[in-house]
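Structural description and commentary
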Amino acid sequence: MEVPFLDLKEVHADYADELKAAAARVIDSGRYVLGEELAAFEREFAAYCGVRHAVGVGSGLDALALILRGYMGLGALAEGDEVIVPGNTFIASFLAISGSRLVPVPVEPDPATFNLDPACVAAAIGPRTRAIMAVHLYGQLADMPALAGLARRHGLLLIEDAAQAHGAASEGRRAGAFGDAAAFSFFPAKNLGALGDGGAVVTGDARLARRVAALRNYGSEVKYHHLFQGVNSRLDEIQAALLRVKLRHLDDDIALRRRVAQRYREGIRHPQIVLPKVVHEEQHAWHLFVVRCRSRDALKQHLQARGVQTQVHYPVPPHHQPAYAELRDVRLPVTERLHEEVLSLPLGPSLGEVAVECVVDACNAFECQP
Ligand SMILES: *Cc1c(COP(=O)(O)O)cnc(C)c1O
């Protein structure tokens, strides 16, 4: 049996009629950018997150960058300020910071949850620190109460990179509702994915929301009048209409992902395969199911031979990428070890029971070479 890592065609087949109707509605409307679909999606997504404002933008990376640029424009951040970020995140978190002429300060995660270790964050706070970027990696909320406490005590902004965590919740409060502002990605493979690129900024701060809404549209609030040097980064009408359909199914999709994850956690029993630590069921939206194994490459090969596709999120940490030569001398032993050990198993709302059992059996049959 072949088990794909994520079959988006199959995911979308479940509501293809709704998606096609939504796209047709936009095609027939004659309005393709900054129209009613986007305005409706922004209202619906803000309500879903339990936050006052959502602003649709072109990607998750742009959402992060526009939050930072928005705060720079409002005087809360200045060029050269330091932003604390987990060392094991996807490179976009770093790119948003350095691309805004701020300085990323990578900090070690807790290897059990893969999320920022608040003690390491506290140790990294210095005179130039102005913000913490918490990433809810793989779909699990970072320790937001601890990070919010640190941010408050030190007068720092708390920004959520929620690109992997749509729908993760704690006591009814969802990802996006914990920080000063949050960035979401709607890249197709994310939990709430468009059929192309997209992103959103979510915030309770009306001034920031207004600033980001202008920045994404050439820095303009009134056509051909430009308050700021903005960019062109707008969530288009077709994607907004498709996302409105998928948002209605998001909680059901997460429940299906949770079932797969639950089965992996019950079924995979192997002394060399370390399962992810779940702080609280509700806090995990299961974007990815990531195990650790000292013989990661051998495990990946073994699973491939049994037809099970896996991925590595991520093979090289940002501070070891050629793009970040300036961080070459940074030492992050926990982060570096994780990049050698992590392996993501197939996971998605359409993954069937037979496929899930196939993955469990294949994992349990792994014979580790000494
Ligand atoms: C996907 C992702 C992003 C970037 O989102 P794009 O829409 O691909 O630009 C940022 N941060 C994290 C943690 C991500 O997983």
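Residues numbered from 1 in each chain as written. Predicted model: local features only at pLDDT ≥ 70, side-chain atom pairs only at ≥ 80, totals over all residues. Heavy atoms only, no water.

**Digging into the site of the ligand**
Close contacts around the ligand come from 13 residues, with Gly 60, Asp 161, Gln 164, Ser 185 and Lys 190 the closest. A distance of 2.7 Å separates an oxygen atom of the ligand from a polar atom in the backbone of Gly 60. With respect to the ligand, the side chain of Gln 164 contributes an N or O atom lying 2.7 Å from an oxygen atom. Surface burial for the ligand is 91%, taken as the share of its 380 Å² of free accessible area covered by protein chains. Along the lines of polarity and charge, the residues of the shell around the ligand split into five nonpolar, six polar and two charged. (Near = heavy atom within 4 Å. Polar contact = N/O pair within 3.5 Å; in protein donor to acceptor, adjacent residues only side chain to side chain. Areas by Shrake-Rupley, 256 points an atom, 1.4 Å probe, with all protein chains shown as cover. Nonpolar A, V, L, I, M, F, W, Y, C, P; charged D, E, K, R; others polar.)

**Describing the pairing of strand β3 (residues 103–107)**
Within β3, four of the five residues are buried, leaving the element largely enclosed by the surrounding structure. Of the strand pairs in this sheet, strand β2 (residues 82–86) and β3 are connected by five bridges, and their pairing is parallel. Bridged to Glu 82 within β3 is Val 103. The β-α-β motif built from β2, the intervening helix α5 (residues 91–99) and the parallel element β3 has right-handed crossover chirality. (Buried < 20%, exposed > 50% of the residue type's maximum accessible area, 1.4 Å probe, protein only. Helix = DSSP H or I, 4+ residues; strand = E, 2+ residues; numbered from the N terminus. Pairing = 2+ DSSP bridges. Right-handed = clockwise from strand over helix to strand, strands pointing away.)

**As for the pattern of salt bridges**
This model, assessed by the stated rule, comprises 16 salt bridges. Between Glu 44 and Arg 244 there is a salt bridge whose closest N-O contact spans 2.8 Å. In this pair, Glu 44 is assigned in helix α3 (residues 36–49) and Arg 244 in helix α9 (residues 237–267), connecting sequence segments 200 residues apart. Accessibility expressed as a relative area gives 29% for Glu 44, which makes it partly exposed. Look at Arg 244 and you get buried, because its relative accessible area is 19%. Among the salt bridges present, the one from Glu 281 reaches Arg 265, with a minimum N-O distance of 3.0 Å. (Salt bridge = Lys/Arg side-chain N within 4 Å of Asp/Glu carboxyl O.)

**What about the sheet that holds β2?**
Across the sheet, which stays open at both edges, the seven strands sit in the order β1-β9-β8-β5-β4-β2-β3 with mixed pairing between neighbours. Of all the strands in the sheet, the pair left with one neighbour each is β1 (53–57) and β3. This sheet shows a mean twist of 25° between the axes of neighbouring strands, independent of strand direction. The pairing of β2 with strand β4 (residues 129–135) spans three bridges and is classified as parallel. Bridging from a neighbouring strand, Val 83 pairs with Ala 131 of β4. Sitting on the sheet, helix α4 (residues 60–73) touches β1, β4, β5 (157–161), β8 (181–185) and β9 (199–203), and the angle it makes with β8 is about 160°. (Axes fitted to C-alpha atoms, helices over the stretch in contact; angles between N-to-C directions. Contact = heavy atoms within 4.5 Å.)

**Structural notes on the side chain of Thr 129**
Assignment of secondary structure puts Thr 129 in strand β4. Among residues more than four places away in sequence, those in contact with Thr 129 are Glu 82, Ile 84, Ala 124 and Leu 156.

**Notes on the nonpolar core**
Within the largest apolar cluster, 44 residues are counted, with the highest numbers of intra-cluster contacts made by Phe 41, Phe 45, Leu 147 and Phe 186. Contributions of two or more residues to this core are made by α3, β3, β4, α7 (144–154), β8, β9 and α9. Among the elements that make up this core, the one with the highest residue count is α3 (six residues). Discounting residues that sit within four places of it in the chain, Phe 41 has contacts with Phe 186, Leu 192, Leu 235, Ala 240, Leu 243, Arg 244 and Leu 247. Within the second largest apolar cluster, 36 residues are counted, among which are Val 135, Ala 261, Phe 289 and Val 359. (Core = buried A, V, L, I, M, F, W, Y, C linked by side-chain atoms within 4.5 Å.)

**Details of the environment of Cys 363**
With respect to the helices and strands, Cys 363 occurs in helix α12 (residues 353–364). For Cys 363, a relative accessible area of 1% gives the class buried. In this structure the C-alpha to C-alpha distance between Cys 363 and Gln 272, which are 91 residues apart in sequence, comes to 9.9 Å. Sequence-distant contacts of Cys 363, that is, excluding residues within four places in its chain, are made with Ile 268, His 270, Ile 273, Leu 303 and Leu 345.

**Observations regarding the environment of Ser 100**
Structurally, the position occupied by Ser 100 is in the loop between α5 and β3. In the structure, Ser 100 is positioned 34 residues away from Leu 66 in sequence and 8.7 Å away in space, judged by C-alpha atoms. Of the polar contacts made by the side chain of Ser 100, one reaches the backbone oxygen of Ala 96; its length is 2.7 Å.

**Examining the packing of aromatic side chains**
A ring pair, where both rings are aromatic, is described by two values, the distance of the centres and the angle of the planes. Throughout the structure, instances matching the rule amount to ten aromatic pairs. Between Phe 45 and Phe 186, the aromatic rings sit 5.5 Å apart at their centres with planes inclined by 85°, giving edge-to-face as the arrangement. Taken together, the residues span a long stretch of sequence, with Phe 45 in helix α3 and Phe 186 in the loop between β8 and β9 at a distance of 141 residues. Residue Phe 45 shares its accessibility class with Phe 186, and that shared class is buried. Judged by centre distance (4.9 Å) and plane angle (75°), the rings of Phe 114 and Tyr 138 are edge-to-face. Separated by 24 residues along the polypeptide, Phe 114 in the loop between β3 and α6 (118–124) and Tyr 138 in the loop between β4 and α7 bring together distant segments of the chain. (Phe/Tyr/Trp six-rings, centres within 6.5 Å; stacked < 30°, edge-to-face > 60°.)

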